[in-house]
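Structural overview for review
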Amino acid sequence: MKNTMSWKSKRTESVLKGVVSRNLTIFLCIGCFCAGMLFTDRMWTVPEAKGISRTSQAGDQKRNDVKSEAKDILGEASRIHHAVQCRTLDKTISNLEMVLAAARALQDSITSGSPITEDLKNPELTKKRKYLMVIGINTAFSSRKRRDSVRATWMPQGDKLKKLEKEKGIVMRFVIGHSATSGGILDRAIEAEEKQHGDFLRLEHVVGYLELSAKTKSFFTTAIALWDADFYVKVDDDVHLNIGTLAATLATHRSKPRVYIGCMKSGPILAQKGVRYHEPEHWKFGGDGNKYFRHATGQLYAISKDLAAYISINRHILHKYANEDVTLGSWFIGLDVEHIDDRKLCCGTPPDCETKAQAGNICVASFDWNCSGICKSVERIKDVHRRCGEGQNALWSTVF
């Protein structure tokens, strides 16, 4: 009996120890868990100390600055990309307009039944290559002696003329239309001269002094249909021209999209009938005593390709005034065009151009203002060329 009670006492004590041990274990687990949570919480709250907080803020600011700078760079890149796209689009549109102008010129010649100029018939010319400039020398049926004097001085002939086109990208032609009597003696004389020299550009235009504005329009329309050039130049056949100096001058403006280059002037508007350069539409320019807007003098000027394309595309609605140089200026006055006043394009004859040449400032063109060209050019142009010319090798040695 006593042994039995002793065994029961030991068993109860053992059970109590197990329960206590189990409860203690649970309590210790709960205590460890709470301690762990407390420790973990303290670890996460440590960075909230002031010093570390400032460091974190500085890091955030730095990251924000980097992000802002990245945004600026991306923004600038986007703007540059957009600008490049715009320039590329402008160039594409300009090229399409030029092609359209050429197609229209050819179509007009076909549909009107007019004889197509020999240059348009030449398949080699329709294969567009790039030229620096096309020079149209304005001439008339009665100006054979002037043309011969130009050929004998500053205009290359024969194989040299072809070499000029091939090697330098410079096209030169005497520009003339047709007589009122188609196929008459005047036209036959020009055809014979063309066979001899091969230096004419015939326009679908009836020649006449009062039709100079229409002739100018026809020249640019025809020229851009035949040759893809950076510049298109008009010069009179009684002006002395240094071709190499002109090419070097124009080449400096190649990067500009719409330029109008010449000796800019603003002459009086002549309302009185019967006087030379009378302007029948003088009333459009205001009251008596007014002057024309700035425009290049008609002896020599150059326009960039975009402007020649503009003339060709809009030729049917471009208004013509009495004076050719005023007319051309009026076509550009409302456009985004850069007017370049270059006085090298209108030097006087010797001693003016000679003095400048001796000083190393060779003139592009020389003529007499009082004659609107070289006075008695047939007799005097050789002397002007000898004293003011750029030299025989200047054209061929100059790099454009």
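Residues numbered from 1 in each chain as written. Predicted model: local features only at pLDDT ≥ 70, side-chain atom pairs only at ≥ 80, totals over all residues. Heavy atoms only, no water.

1. Some thoughts on helix H5 (residues 144-151)
- Every buried residue belonging to H5 is among Arg147, Ser149, Val150 and Arg151, and all of these are buried.
- Residues of H5 that are buried sit in contact with strand E2 (170-178), helix H7 (185-197), strand E3 (200-206) and helix H13 (377-388). (Buried < 20%, exposed > 50% of the residue type's maximum accessible area, 1.4 Å probe, protein only. Helix = DSSP H or I, 4+ residues; strand = E, 2+ residues; numbered from the N terminus. Contact = heavy atoms within 4.5 Å.)

2. Overview of the nonpolar core
- One finds Met133, Ile135, Trp154, Ile170, Met172, Leu241 and Ile243 to be the most contacted residues of the largest nonpolar core, which totals 44 residues.
- If you look at the next biggest cluster of nonpolar residues, it comprises 28 residues, including Ile224, Tyr301, Ala308 and Trp331. (Core = buried A, V, L, I, M, F, W, Y, C linked by side-chain atoms within 4.5 Å.)

3. A few points about the sheet that holds E2
- What the 7 strands build is an open sheet, ordered E3-E2-E1-E4-E7-E6-E8; its pairing is mixed. The strands lining the two open edges of the sheet, one partner per strand, are E3 and strand E8 (338-341). Across the sheet, the axes of successive neighbouring strands diverge by a mean angle of 25°, strand direction being ignored.
- In the packing of helix H9 (residues 243-251) onto the sheet, contacts are made with strand E1 (130-138), E2, strand E4 (228-236), strand E6 (259-265) and strand E7 (295-304), and the angle to E1 comes to roughly 130°. (Pairing = 2+ DSSP bridges. Axes fitted to C-alpha atoms, helices over the stretch in contact; angles between N-to-C directions.)

4. Some thoughts on the state of the cysteines
- Tallying each qualifying case throughout the model produces 4 disulfides.
- Here Cys263 pairs with Cys346 through a disulfide, and the sulfurs are 2.1 Å apart. Torsion about the S-S bond of the Cys263 and Cys346 cystine: about -100°, corresponding to left-handed handedness. In this pair, Cys263 sits in strand E6 while Cys346 sits in the loop between E8 and helix H12 (352-358), placing the two residues 83 residues apart along the sequence.
- Cys263 gets classed as buried once you look at its relative accessible area, which sits at 1%.
- For Cys347, the disulfide goes to Cys363, at an S-S distance of 2.1 Å. A torsion of -85° about the S-S bond marks the disulfide between Cys347 and Cys363 as left-handed. Here Cys347, found in the loop between E8 and H12, pairs with Cys363, found in the loop between H12 and strand E9 (365-366); they are 16 residues apart in sequence, far enough to count as distant.
- Here Cys347 falls in the buried class, since its relative accessible area comes to 2%. (Disulfide = S-S within 2.5 Å.)

Taken by themselves, the reported measurements are silent on function.
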